[in-house]
Amino acid sequence: MSTFQAPKGTYDLIPPESAKYLAVREAIAAPLKNSGYGYIETPGFENVELFSRGVGESTDIVSKEMYAFETKGGTKLALRPEGTASVLRAALQANLHKLGNLPVKLWYSGSYYRYERPQKGRYRHFSQVGAEAIGAEDPALDAELIILADQAYRTLGLSQFRILLNSLGDKECRPVYRDALQGFLRGLELDEDTRRRVEINPLRVLDDKRAVVQKQLVGAPLLRDYLCDACKAYHEEVRELLTAAGVAYQDDEKLVRGLDYYTRTTFEFVHDGLGSQSAVGGGGRYDGLSEMIGGPALPSVGWALGVDRTVLALEAEGIELELPATTSVFAVPLGEEARRVLFGLVTELRRAGVATDFSYAGKGLKGAMKSANRSGARYALVAGERDLAEGVVQLKDMQSGEQSPVALADAVDAIRERLA
Ligand code: AMP
């Protein structure tokens, strides 16, 4: 072991487990690529103010969990705690919204950082795949994103998840509700921290999981009763489109989510096999965010799905992903001359697209066959001096144990044929 360990709240992805993460990212990305979303990549850190203004000064993510630091040059940066603000910043910077083709639809995949108390499913470094549809107000976009996330989870084989849906209203109706809720909350018995939250971000109090708080929230005014007609109609349309697509959801009036920028549609995917960290993904509409970070009005909607928790959800449901074989052919040379010849053949096979590995460092037959076995290869390719003299290599079927000579000159074609 090295003197060093992965920092607290982080873990390494190591083969063969790591292949699952790649497969999950790919499964989430596939329906997006198939629906007009283009790939975007942004830096791992941004100007700290992008997040304090965008995500919100009063949110836990910004006030408690951000890895913020000052560079030697005095610039205040932060490791990105989430993806939306960065993606919108990048889209605005590149003037994607001015190209006359709204909405701008983007997807991304990467690492995010939050200084949270680590536990199962909650890490300080985690991985998300996300999607944003920027610059259009259309319930079909909100529905589309929810449907695509549902499709991604289902392709992975997941079924024990639920979709929670809510509307947070807009700049017309939400302030009225906020006042009403604040009035109600001020009358409760709350600790100091929560009382402060009532003043700066009362909606977040609804999200408090503690029983002492939840008990008192019975009878709190519900946003549903305050939604303006436009928000109501919008929400109804999203619900109808989801129903028409056969995507089941549950209305959850208390779903507010931890970021300030959400308006109207908000949703969360929760998995019932994950215990307390049950949210596998979430998102919503953020019609005001662009203006909050200095851009024009650009109503938008997006989500981010957590890769780490999706992998945990697969484990909870006992799902083994069918991962592509990492090695199809494993070459075992016996002797120096064979080493050179087989290495050449391995190179040819690889160039022909056959997943091939090689026994290195002059291992003997026994040790090399062990490696071939471990690699999971379908065939071992064995050759010694006598084989080479005859112009053949031995192809051994690792399942049946049968071995037969193949002419060296057409080994690549012969192997490809057998693998097909
Ligand atoms: P959020 O941006 O908080 O809505 O998070 C979106 C998704 O990212 C969540 O549903 C989780 O799956 C994942 N996620 C957020 N924070 C963490 C974390 N600290 N550790 C692991 N996954 C996380």
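Just so you know, these numbers come straight off a predicted model, no measurement behind them.

Draft legend 1. Local environment of the sheet that holds strand β5 (residues 104-113). The 8 strands are arranged β1-β5-β6-β11-β10-β9-β7-β8 in an open sheet whose pairing can be described as mixed. Taken across any chain shown, the strands that pair with only one partner, and hence form the sheet edges, are β1 (38-39) and β8 (250-251). Against the sheet, helix α5 (residues 139-155) contacts β5, β6 (125-134), β7 (161-167), β9 (263-271), β10 (279-285) and β11 (300-306), and its axis sits at roughly 15 degrees relative to β11.

Draft legend 2. Region of interest: unusual backbone geometry. Put simply, P15 and P16 share a cis peptide bond, and its omega is 0 degrees. As for its placement among the helices and strands, P16 is situated in the segment before α1 (18-33). Positive phi values are uncommon outside glycine, yet R264 reaches one of about 50 degrees.

Draft legend 3. Structural detail: the site of the ligand. Taken together, the neighbourhood of the ligand is formed by 14 residues, with R114, E116, Y123, Q128 and R257 sitting nearest. Between A279 and the ligand, the recorded distance is 3.1 Å, taken from a backbone N or O atom to an oxygen atom. Measuring from an oxygen atom of the ligand, one finds a backbone N or O atom of G306 at 3.5 Å. Those elements giving two or more residues to the shell around the ligand turn out to be β6, β10 and β11. Sort the elements by how many residues they give to the shell around the ligand and β10 lands first, with 3 residues. Looking at side-chain class alone, the shell around the ligand contains 5 nonpolar, 4 polar and 5 charged residues.

Draft legend 4. Quick peek at the nonpolar core. By size, the foremost hydrophobic cluster in this structure holds 47 residues, and its most contacted members are F51 and I134. For this core, the secondary-structure elements that each account for two or more residues are α2 (48-56), α3 (60-63), α4 (84-93), β5, β6, α6 (174-186) and α8 (202-205). Take this core: its biggest share by element is 6 residues, from α4. Sequence-distant contacts of I134, that is, excluding residues within four places in its chain, are made with V87, L88, A91, L102, P103, V104, L106, Y286, L298, P299 and S300.

Draft legend 5. View of the packing of α1 against α5. Taken N-terminus to C-terminus, the directions of α1 and α5 make an angle of 140 degrees; their axes are 8 Å apart at the nearest point. Judged by the inter-axis angle, α1 sits oblique to α5. Read as a crossing pair, α1 and α5 show a hand that is right-handed. The residues of α5 that touch α1, namely those facing A27, I28, P31 and L32, are L148, Q151 and A152.

Conventions we followed
Residues numbered from 1 in each chain as written. Predicted model: local features only at pLDDT ≥ 70, side-chain atom pairs only at ≥ 80, totals over all residues. Heavy atoms only, no water. Pairing = 2+ DSSP bridges. Helix = DSSP H or I, 4+ residues; strand = E, 2+ residues; numbered from the N terminus. Contact = heavy atoms within 4.5 Å. Axes fitted to C-alpha atoms, helices over the stretch in contact; angles between N-to-C directions. Near = heavy atom within 4 Å. Polar contact = N/O pair within 3.5 Å; in protein donor to acceptor, adjacent residues only side chain to side chain. Nonpolar A, V, L, I, M, F, W, Y, C, P; charged D, E, K, R; others polar. Core = buried A, V, L, I, M, F, W, Y, C linked by side-chain atoms within 4.5 Å. Buried < 20%, exposed > 50% of the residue type's maximum accessible area, 1.4 Å probe, protein only. Parallel < 35°, antiparallel > 145°, perpendicular 65-115°, else oblique. Left-handed = near helix turned anticlockwise from the far one by under 90°.

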